[in-house]
Amino acid sequence: MNRFEYLAVLGACLLVTLPLEWLGRPVYRRPRRLAGAVLPVAAVFLVWDVIAIAGGVWGFNPEFVTGLLLPFSLPVEELLFFLVIPLCGLLTFEAVTATLAWARRRSRGGAR
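This section reports on the structure supplied with the text. (Residues numbered from 1 in each chain as written. Predicted model: local features only at pLDDT ≥ 70, side-chain atom pairs only at ≥ 80, totals over all residues. Heavy atoms only, no water.)

1. Considerations on the overall build of the protein chain
Counting its secondary structure elements, the protein chain contains three helices and two strands. Along the protein chain, helices (α) and strands (β) appear in the sequence α-α-β-β-α when read from the amino end. Over its C-alpha trace the protein chain gives a radius of gyration of 18 Å, far above what one expects of a compact globule, namely 13 Å for 112 residues. Along the three orthogonal principal directions, the C-alpha set of the protein chain runs to about 60 × 30 × 25 Å. For the protein chain, with 112 residues in total, the buried portion stands at 25%. In the protein chain, once contacts between residues fewer than 6 apart in sequence are set aside, the share between residues at least 24 apart is 67%. Averaged over its 11 positive side-chain charges, the protein chain has a centre that lies 25 Å from the centre of its 7 negative ones. (Helix = DSSP H or I, 4+ residues; strand = E, 2+ residues; numbered from the N terminus. Rg over C-alpha atoms; globule rule 2.2 N^0.38 Å. Buried < 20%, exposed > 50% of the residue type's maximum accessible area, 1.4 Å probe, protein only. Contact = heavy atoms within 4.5 Å. Lys, Arg positive; Asp, Glu negative; His and termini not counted. Charge placed at Lys NZ, Arg CZ, Asp CG, Glu CD.)

Have a look at this one:
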């Protein structure tokens, strides 16, 4: 399992946060907005990663990645990391925001 641990952790993050789609404002159901929030930041961090890898500052233990490399020796798991983790963060943010709004309405007697 070692070679797939990074992928397994990313998959677990997606599974754990998937139900949050129904607690807050939709994230998966608004793909253009999701892409606008995630892709620019992912691009910046991917460039940063590529520069760090090329400079020998950053690397990946081959025991924990599949060995599938993208251009510039970037493991596919690293690309997925910069897509999955912000997605999970957005799902969490939207769910917490909706839950707090519901709690505020309820405390004021607005929700029954």
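Having seen the structure, we can now continue with the description.
2. Brief notes about the nonpolar core
Leu20, Val27, Leu34, Val38, Leu87, Leu91 and Ala95 together form the largest nonpolar core, which totals seven residues. Listing elements by their share of this core, those giving two or more residues are α2 (31-54) and α3 (76-107). Considering each element in turn, this core owes the most residues, three residues, to α3. If we ignore the near neighbours within four places in the chain, the residues touching Val27 are Glu21, Leu34, Leu87, Leu90, Leu91 and Glu94. (Core = buried A, V, L, I, M, F, W, Y, C linked by side-chain atoms within 4.5 Å.)

3. Considerations on the environment of Glu94
Inspection of the secondary structure assignment puts Glu94 in helix α3. Put simply, Glu94 and Val65 are 29 residues apart on the chain and 31 Å apart in space, counted from C-alpha to C-alpha. Only 2.9 Å separates the side chain of Glu94 from the side chain of Arg25, close enough to count as a polar contact. (Polar contact = N/O pair within 3.5 Å; in protein donor to acceptor, adjacent residues only side chain to side chain.)

4. What about the side chain of Glu78?
Turning to its location among the elements, Glu78 is positioned in helix α3. Look at Glu78: it is buried, it has no salt bridge, and the nearest opposite charge is Arg3 at 16 Å. If we skip the residues at most four places from it in the chain, Glu78 touches Tyr6, Leu46, Asp49, Trp58 and Phe60. (Salt bridge = Lys/Arg side-chain N within 4 Å of Asp/Glu carboxyl O.)

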